[in-house]
Amino acid sequence: MAFSLKQLSSKAEVDAVIKTTLDKVLVLRFGRASDVACMQLDDILDKAQEKMARMAEIYTVDVDAVPIYVHYFDISLIPATVFFFNAQHMKVDYGKVSLLQAQAKYAHTALCAATFCVFSKRSETPDHTKFIGAFKKTQDFIDLVEVILRGALHGKVMVTSPIDPRNVPKYDLVYKNI
């Protein structure tokens, strides 16, 4: 864990930071300090922090210390990075996957009745509310925060990611016992 990143350890602290961070992008990294992927992401966030001091505030949040937000943001994989601007939760479209690509990917897989994947007609990235995993490059993170800031300043709540889709970690939403 990078020691220069600020840490939040209670719901009250997270609430206060969300409410008081104005005219900057608020970046909350949910995870555990001992997790390898979180350490990789913390290193990237630490490198970017000084460069982005005028446009973003970056905090780490331990998932074990603030379970109410883990539940609220539906964080099941860590690290998960959530973005805010002036107390507004910002959403990001990280790319699209066509239904045909999704069907081709799973055509050879025998899915049991209790476990299956759900795809819509326009299957985009599974989650717009958070970035799951570590960024591949520091510049990817900086570019994303810049796009979020520009979009937020123009009144947008959802922006399109500038990150190359090959650099966005892939995962599938799998629902069990539905």
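Structure shown above.
All values reported here derive from a predicted model rather than from experimental measurement. Chains are numbered independently. Their residues run from 1 in the order of the written sequence. A pLDDT threshold of at least 70 governs which residues receive local features in this predicted model, and a stricter bar of 80 or more applies before side-chain atom pairs are shown or counted, although totals over entire chains, interfaces and linings include all residues. As a convention, hydrogens and water are excluded, and side-chain values are obtained from all of the structure's heavy atoms.

Q: Which parts of the structure should I look at to understand the pattern of salt bridges?
A: Should the charged atoms of two oppositely charged side chains come close, the side chains can pair. Only one rule defines a salt bridge in this text: a Lys or Arg side-chain nitrogen within 4 Å of an Asp or Glu carboxyl oxygen. Under the criterion given, the structure shown has seven salt bridges. Across the salt bridge formed by Glu57 and Lys6, the nearest N and O atoms sit 2.6 Å from each other. With a gap of 51 residues between them, Glu57 in strand β3 (residues 56-62) and Lys6 in strand β1 (residues 6-8) connect regions that are remote in the sequence. Partly exposed residues are those whose accessible area sits between 20% and 50% of the maximum for their type, while under 20% is buried and over 50% is exposed, using a 1.4 Å probe and protein chains only. Given a relative accessible area of 18%, Glu57 falls into the buried group. The shortest N-O distance in the salt bridge between Asp64 and Arg32 comes to 3.0 Å. A residue pair is termed long-range when its members are at least 10 positions apart, and Asp64 in the loop between β3 and α3 (67-72) and Arg32 in the loop between β2 (25-31) and α2 (36-51) qualify at 32 residues. By relative accessible area, which is 53% here, Asp64 ends up exposed. What emerges from the salt-bridge pattern is a single network uniting Lys6, Lys24 and Glu57. Secondary structure elements are taken from DSSP: a helix is a run of H or I of four residues or more, a strand is a run of E of two residues or more, and numbering for both begins at the N terminus.

Q: Is there a simple way to think about the nonpolar core in this case?
A: It is characteristic of soluble globular proteins that their nonpolar side chains tend to be buried jointly. Ranked by size, the top nonpolar core spans 30 residues in total, and within it Val25, Phe83, Phe135, Phe141 and Val145 carry the most contacts. A per-element tally of this core places helix α5 (residues 138-153) first, with eight residues. What makes a nonpolar core is a set of buried Ala, Val, Leu, Ile, Met, Phe, Trp, Tyr and Cys residues whose side-chain atoms join them at distances within 4.5 Å. Counting residues in each nonpolar core, the second largest holds 18 residues, with Val14, Tyr59, Val70 and Phe73 among its members.

Functional significance is not addressed by these values, which are geometric in nature.
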